[in-house]
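The lines below spell out each chain.
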Amino acid sequence: MNKEERVKHLKDKIQELNERMDQVAYNRGEYPIEEDIQEDEVHYDELEELGRELSGFERELREIEYNEEEEFRREELRNLIHKEGYIIRDKESTSDLLSRLEHAQEISKLLSNKQTLTPLTLGIYGNWGEGKSTFLRLIETELGNINKMIEDSREEEIIYNKTHVVRFDASEYNDQDKIWYSMLSQLFAKYEEEVGILAKVKYGLGMFKRSFNENKWNYIINISLLVLFLIWIFVYSKDKSILEVITENDVIINILGVISTFTVATNIVLPIIKRLKFLTKPMSDNLISQLKYPDYKDLLGTREKVKENLDVLIKAWTKRSGDKIVVLVDELDRCSEETIVEFFEALQLFLPVDSIVHVIAINEETVCFALANNNIHYFDKEFVPNSEKLAFGKNYLEKYITIPYYLPYENSYNQYINHLLSENSSNDYYRVFTEAEKEILIKIIMDVSKTQHITPREMKKIINLLLLSKERLININKKKEKGIIVKFEEHLSWFLLKYFYSDASNQVINYLKMYYRNNKYKKFKEISSNLLYRKEFNESPKGEQVKKLFKYIDELRVDYILISNKISETLIVTKK
């Protein structure tokens, strides 16, 4: 008998045995157990025998269907046009993929509004990988859009101030000896970038004006000596040799000439030469070269003096009254604890300065612990619970952060996933996920996100792991001349279950291994009924959620799950 005839024969026998078992079970119900125990036992024996016979036919039919399916899968694999994957970089995006654009627009308008007084500090709070850097970039873009509106519309100019945005990456200056002046350096660099060739001239004139107001008598004396020097040069020394000057002029005139010459040389000529040298280098470079001293205040004087210099910079920079300088501080939570503390100490220089707005991206927990650990003496005890450290850090931050803004997150990852899978794909050849695979991924992520938050960075990590596992799965399948071929959409479903619920997935695997011998070729849903009622699932907080996700693996054969699990184990670090 050929395969088609054998399949028909098996199906007929299975139907016949099922009908026979139904009939036996029905007949057994007609005999009360207390009246005829012997007859009941006969029916039990017959049912067991019929059940064993039925299991044998079902197993043979499943094996035939399984072998047919494997042949079909192998043919699909031979015809597969493999699209090699790529790694998604963890970088900030310039696009709004998490429905945060409106939030960035609201913040930007509030910061630019003329009714918003400075100085001001806004804290953007969010976990690592939450997209704080991207959110800062959105704010920067929106501030730029407002600047354009101000230029184009008189009405907008009445409402909003022009802003000058300075980005400061704290992690690039992860050194407490630099954090103080690196912020100043970024301000000067941005100022020079915007103002151009006249930057130093405008700043120099501002410093001269302040210096003149503070040292009027010094300037009057120096100017007077300069006049005497010019008179001595053009009246008493004109067209004369040094000997003639000495012999023909009075002693007093010669003394005044020498004094005025020396004073002009030291107080005017040399400073001008130094200033010309200063003009040949970027202002930020000059600032750094001047600040390579152990003590910041040794060179720049008191903090009040630094604030005065900042005032000069701001007045030279802003073209109109009310312009604001917005400093976007990123990556602070990646710095050492010492640098985090040093940053907030340095911030005291800038907070009292008008026209400056700080927008600081913060992982609140990391920063709070750093601030608390630096002030451990405050607690006056040997062991300090984390809850007390967090409370201390939050209170500390309140002194610096005017407005704490907790970054909103969007549970809908449809748009974000589509972007990640097409970001490096200029044509269809590089789209390594099929629409069916992408649909499964989005559905599972959406289900998981109902009970746990997935950060944008973690989403990139998951997709990178899936891209890597797809490469591995295809290579493993191609090397097999015989054996199990697992499709990527099947692997994807199990991979995500294992990634998000590793403990539950391990229980599933142990269960499948235990019953695999007698359930070969079966689908998961055919043997999962007992698993669903196990104590581990019913008592686990995540048990119900895991059982809901079983719908994605119900149609998978046990064999496919076991193979997929082996691949997943090499890529997934246990996630509780």
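Each remark here, short or long, concerns the structure printed above.
From a predicted model like this one, the values you see are computed outputs, not experimental measurements.

> Mind showing me how you'd approach the overall build of the protein here?
Across its full length, the protein carries 26 helices and five strands. Counting the 576 residues in the protein, one finds 43% classified as buried. Residue pairs at least 24 apart in sequence account for 79% of intrachain contacts in the protein once pairs closer than 6 positions are excluded. On the protein, roughly 32,400 Å² of surface is accessible, and the fraction owed to carbon and sulfur atoms is 52%.

> Just to check I follow, could you spell out helix 15 (residues 364–374) for this structure?
Working note: α-helix, 3.6 residues per turn, so residues spaced by three or four point in the same direction. Taken together, the buried positions of helix 15 are occupied by Glu364, Val367, Cys368, Phe369, Ala370, Leu371 and Ala372. On the buried face of helix 15, the contacting elements are strand 1 (120–125), helix 14 (337–350), strand 4 (356–362), helix 16 (386–398) and strand 5 (403–406).

> Help me understand the nonpolar core, please; the structure alone is not making it clear to me.
It is characteristic of soluble globular proteins that their nonpolar side chains tend to be buried jointly. Ranked by size, the top nonpolar core spans 55 residues in total, and within it Leu441 and Met459 carry the most contacts. For this core, the secondary-structure elements that each account for two or more residues are helix 17 (414–422), helix 18 (435–448), helix 19 (456–479), helix 20 (488–500), helix 21 (502–515), helix 22 (524–527), helix 25 (543–549) and helix 26 (558–569). No other element matches the eight residues that helix 20 contributes to this core. In contact with Met459, other than residues within four places in its own chain, are Tyr413, Tyr416, Ile417, Leu420, Leu441, Ile445 and Ile454.

> Help me understand the pairing of strand 2 (residues 163–169) in this model?
Within strand 2, five of the seven residues are buried, which leaves it mostly tucked inside the rest of the structure. When strand 2 meets strand 3 (residues 324–330), the two strands line up parallel, connected through seven bridges. Directly across from Arg167, in strand 3, lies its bridge partner Leu328.

> Is there a simple way to explain empty space enclosed by the protein in this structure?
Picture a little ball the size of a water molecule; that probe, rolled over the atoms, points out where space is still empty. In this structure the tally under the stated criterion is one cavity of 30 Å³ or more. In this structure, the largest cavity occupies an estimated 50 Å³ of space. As for the largest cavity, its lining consists of Val166, Phe168, Met183, Gln186, Leu187, Val327, Phe350, Ile356 and His358. At three residues, helix 6 (residues 179–195) tops the list of elements feeding residues into the lining of the largest cavity. By residue class, the composition of the lining of the largest cavity is seven nonpolar, two polar and no charged.

> When you look at the pairing of strand 4 in this model, what are you seeing that I'm missing?
Residues in a regular strand project their side chains so that they alternate between the two faces of the sheet. Among the seven residues of strand 4, seven are classified as buried, and the element is accordingly described as predominantly covered. Along strand 4, one buried face is formed by Ile356, His358, Ile360 and Ile362 and the opposite face, lined by Val357, Val359 and Ala361, is buried too. Here strand 1 runs beside strand 4; their pairing, made up of six bridges, is parallel. Counterpart to Leu122 in the pairing with strand 4 is Val359. The parallel pair strand 3 and strand 4 is bridged by helix 14, and the resulting crossover is right-handed.

> Where do I start with unusual backbone geometry in this structure?
The general pattern is negative phi for most residues beyond glycine and trans for most peptide bonds. Of note, the amide linkage connecting Thr118 to Pro119 takes the cis form, showing an omega dihedral of 0°. Here Pro119 is to be found in the loop between helix 3 (101–112) and strand 1. Positive phi outside glycine occurs at Glu331, with the angle close to 65°. By the secondary structure assignment, Glu331 is in the loop between strand 3 and helix 14. A relative accessible area of 18% places Glu331 in the buried class. Even without a glycine there, the phi angle at Ser355 is positive, about 80°. By the element assignment, Ser355 lies in the loop between helix 14 and strand 4. Taking relative accessible area as the criterion, Ser355 reaches 17% and is therefore assigned buried.

> Can you help me understand helix 14 in this one?
Compared with the 20 Å implied by 1.5 Å per residue over 14 residues, the 21 Å span of helix 14 between its first and last C-alpha is a close match. Counting buried residues along helix 14, 10 of its 14 residues qualify, which places the element largely inside the surrounding structure. Every buried residue of helix 14 is accounted for by Thr339, Ile340, Val341, Glu342, Phe343, Phe344, Ala346, Leu347, Leu349 and Phe350.

> What should I look at first to understand the packing of aromatic side chains in this one?
Any two aromatic rings considered together are summarised by their centre-to-centre distance and by the angle between their planes. Under the definition given, this model contains 14 aromatic pairs. Ring geometry for Phe135 versus Tyr405: centroids 6.1 Å apart, planes at 5°, classification stacked. Here Phe135, found in helix 4 (residues 132–152), pairs with Tyr405, found in strand 5; they are 270 residues apart in sequence, far enough to count as distant. A relative accessible area of 0% means that Phe135 is categorised as buried. Cluster of aromatic residues (ring-pair linked, three or more members): Phe343, Phe344, Tyr378, Phe379, Phe392, Tyr396 and Tyr400.

> What exactly am I supposed to notice about a negative patch on the surface here?
Taken together, the side chains of Glu16, Glu19, Asp22, Asp45, Glu48, Glu49 and Glu53 define an acidic patch exposed on the protein surface. The set of elements that each furnish at least two residues to the negative patch consists of helix 1 (3–28) and helix 2 (37–78). Ranked by residue count, the leading element in the negative patch is helix 2, at four residues.

Parameters at a glance
Residues numbered from 1 in each chain as written. Predicted model: local features only at pLDDT ≥ 70, side-chain atom pairs only at ≥ 80, totals over all residues. Heavy atoms only, no water. Helix = DSSP H or I, 4+ residues; strand = E, 2+ residues; numbered from the N terminus. Buried < 20%, exposed > 50% of the residue type's maximum accessible area, 1.4 Å probe, protein only. Contact = heavy atoms within 4.5 Å. Areas by Shrake-Rupley, 256 points an atom, 1.4 Å probe, with all protein chains shown as cover. Core = buried A, V, L, I, M, F, W, Y, C linked by side-chain atoms within 4.5 Å. Pairing = 2+ DSSP bridges. 1 Å grid on protein atoms, 1.4 Å probe; cavity = no way out; pocket = protein on both sides within 12 Å on 5 of 7 lines; lining within 4 Å. Points joined across faces, edges and corners; volume = space filled by probe spheres on them. Nonpolar A, V, L, I, M, F, W, Y, C, P; charged D, E, K, R; others polar. Right-handed = clockwise from strand over helix to strand, strands pointing away. Expected span 1.5 Å × (residues − 1). Phe/Tyr/Trp six-rings, centres within 6.5 Å; stacked < 30°, edge-to-face > 60°. Patch = residues over 30% accessible without salt bridge, like charges linked within 9 Å, V, L, I, M, F, W, Y side chains within 5 Å. Salt bridge = Lys/Arg side-chain N within 4 Å of Asp/Glu carboxyl O. Lys, Arg positive; Asp, Glu negative; His and termini not counted. Charge placed at Lys NZ, Arg CZ, Asp CG, Glu CD.

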